[in-house]
Amino acid sequence: MITYPFQYKRADSVADAVAMLGEGGKALSGGHSLIPSMKLRLNAPDTLVDVGRIAELKTITVDGNDLVIGAGATHGQIASSSVVKQHVPMFAEGAAHIGDPSVRNRGTIGGSLAHADPSADWPAMVLAADATIVVQGANGSRSIAASDFFTGLFSTALEDDELITAIRVSSQADAKMTYQKFAQPASRYALVGCAVVKSADGSVRVAFSGVSDTPFRDSAAESQLNGGASSANAASGQSIMSDHFATEEYRRHLANVYLKRALAAVA
Amino acid sequence: MQINLTVNGKARASEVEDRTLLVYYLREQLGLTGAHVACDTSSCGACTVHVDGVAVKSCTLLAAQADGCQVTTIEGLASGNDLHPLQQGFKECHGLQCGFCTPGMIMTAADLLNTNPHPSETEIRVALEGNICRCTGYHNIVKAIQWAAEHQAVPA
Ligand SMILES: Cc1cc2nc3c(=O)[nH]c(=O)nc-3n(C[C@H](O)[C@H](O)[C@H](O)COP(=O)(O)OP(=O)(O)OC[C@H]3O[C@@H](n4cnc5c(N)ncnc54)[C@H](O)[C@@H]3O)c2cc1C
Ligand code: FES
Ligand code: FES
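A brief report on the enclosed structure follows. (Residues numbered from 1 in each chain as written. Chains lettered and ligands numbered in written order. Predicted model: local features only at pLDDT ≥ 70, side-chain atom pairs only at ≥ 80, totals over all residues. Heavy atoms only, no water.)

### A closer look at the packing of aromatic side chains
Residue and element names in this part refer to chain A.
(1) Moving on: If you walk through the whole model with that rule in mind, you get 4 aromatic pairs over all chains.
(2) Moving on: Between F91 and W122 the ring centres are 5.2 Å apart and the planes differ by 85 degrees, which places this aromatic pair in the edge-to-face class. Pair noted here: F91 is in helix 5 (residues 89-95) and W122 is in helix 8 (residues 122-128), with a separation of 31 residues, a long-range link. There is no split in this pair, since F91 and W122 are both buried.
(3) Moving on: With centroids separated by 6.2 Å and ring planes inclined at 70 degrees, the aromatic side chains of F182 and Y258 adopt a geometry described as edge-to-face. Residue F182 is located in strand 11 (residues 176-183), and its partner Y258 is located in helix 11 (residues 248-266); the two are separated by 76 residues in the primary sequence.
(4) Moving on: F182 sits in the partly exposed class, given a relative accessible area of 25%.
(5) Moving on: Residue classification places Y258 among the buried positions, given a relative accessible area of 7%.
(6) Moving on: When the ring centre of Y4 is taken as reference, the NZ or CZ atom of R41 above it lies at 4.1 Å.
(7) Moving on: Stacked on the ring of Y258, the Lys or Arg R261 has its end atom at 4.8 Å from the ring centre. (Phe/Tyr/Trp six-rings, centres within 6.5 Å; stacked < 30°, edge-to-face > 60°. Helix = DSSP H or I, 4+ residues; strand = E, 2+ residues; numbered from the N terminus. Buried < 20%, exposed > 50% of the residue type's maximum accessible area, 1.4 Å probe, protein only. Lys NZ or Arg CZ within 6 Å of the ring centre and 35° of its normal.)

### Quick word on the environment of I60 of chain A
(1) Moving on: Note that I60 of chain A resides in strand 4 (residues 60-63).
(2) Moving on: With sequence-adjacent residues up to four places away left out, I60 of chain A is seen in contact with L67, V68, I69, A73, Q77, I78, S81, V83 and V84 of chain A. (Contact = heavy atoms within 4.5 Å.)

Have a look at this one:
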């Protein structure tokens, strides 16, 4: 399969990339969502801006109390990062189960978040970790709370000419956290993915991927759990996806099973 | 556009279309037909090659993205007439039936052994999650990789 023709450009820096996006280009990071969709001709950008070589997007650092993961860090890099394991271990745990080793060698956290596939793993994790998505556009930098970032099916709060530069998350070394998914057997995408973070004070944050067409914080379950209940109904009040992999009823069932498993893992 | 890269140790300067996928560049422009195209949808791993030492699905990478990189294909694994331990292992353990998936299996396994020279059976099976064998010869593929792990010359 071959994509429609396009022009390939390579950005050497964030500033360079932002300028090229401003001229109508589309960012290419690991290419593991974009290239398959272009091969299927579901997507036909005129210009690709390869941001995959920008060194400043690939670093994983600690800044004060925050872990800062460059948007271009690959899933594999995050899965094996000792700073990630120390500060937000769920990110390493979840990243290790994305796709297969070759997908993890190329695919990046920034690409996954921008793509906003409802079945992707990162959305539930960044929501439950209460992370911030740092983006750069022509007018400078802004920070978007994960809870404001996902706006619908494959849709985000990102403007066309904005580049995600980093994911910033406060160190949660004293919290218990887990990401549990039922992986679709062929692709390993989350049929249901549940992320739970339990802070040192016992309060929990719950988020789901794969369940609804938009990943979400499960505030209904959170208020039951934070009100003292030991279990909760998953995804109440949410519209649940139904497709040839799983009916609405089955997805809702799995959401409850995976919430239970995740809560057991942080107990 | 012009790309300059090293393929199996040989410097190459080639003119490609911007949209050329790495696997088609290797197969059609360089005649290296070891990397196979099976699913063409990033799922089966038959097209796996190494770019700068790590396994990638060459049907899901532009040739342009490999510009300036070191690419290794199955054709570049043996040294002269000496098979790579993985190639030898697949031969010894009957690790292939039709052989279509084999180049991808070996390139994925080579990446695994580079980072984890003595993997457990489970680690081998997990590493092969992105490689599909339509002949379903997985047990012998795992044995072949175990054979290679035992017989490889591990740098100290
Ligand atoms: C076989 C297979 C299995 C997979 N399994 C899983 C799985 O189990 N779980 C899972 O979560 N994902 C899975 N994926 C998807 C994979 O994780 C992708 O790598 C990821 O979704 C996209 O990241 P990328 O770096 O490849 O982005 P790209 O494909 O390069 O880009 C995706 C989109 O994001 C935009 N973009 C990229 N970088 C930026 C940036 N810095 N700022 C703004 N926009 C940007 C692009 O313009 C494009 O619209 C799988 C993919 C494949 C091929
Ligand atoms: S042909 Fe590339 S993964 Fe199947
Ligand atoms: S040996 Fe036939 S596909 Fe694997």
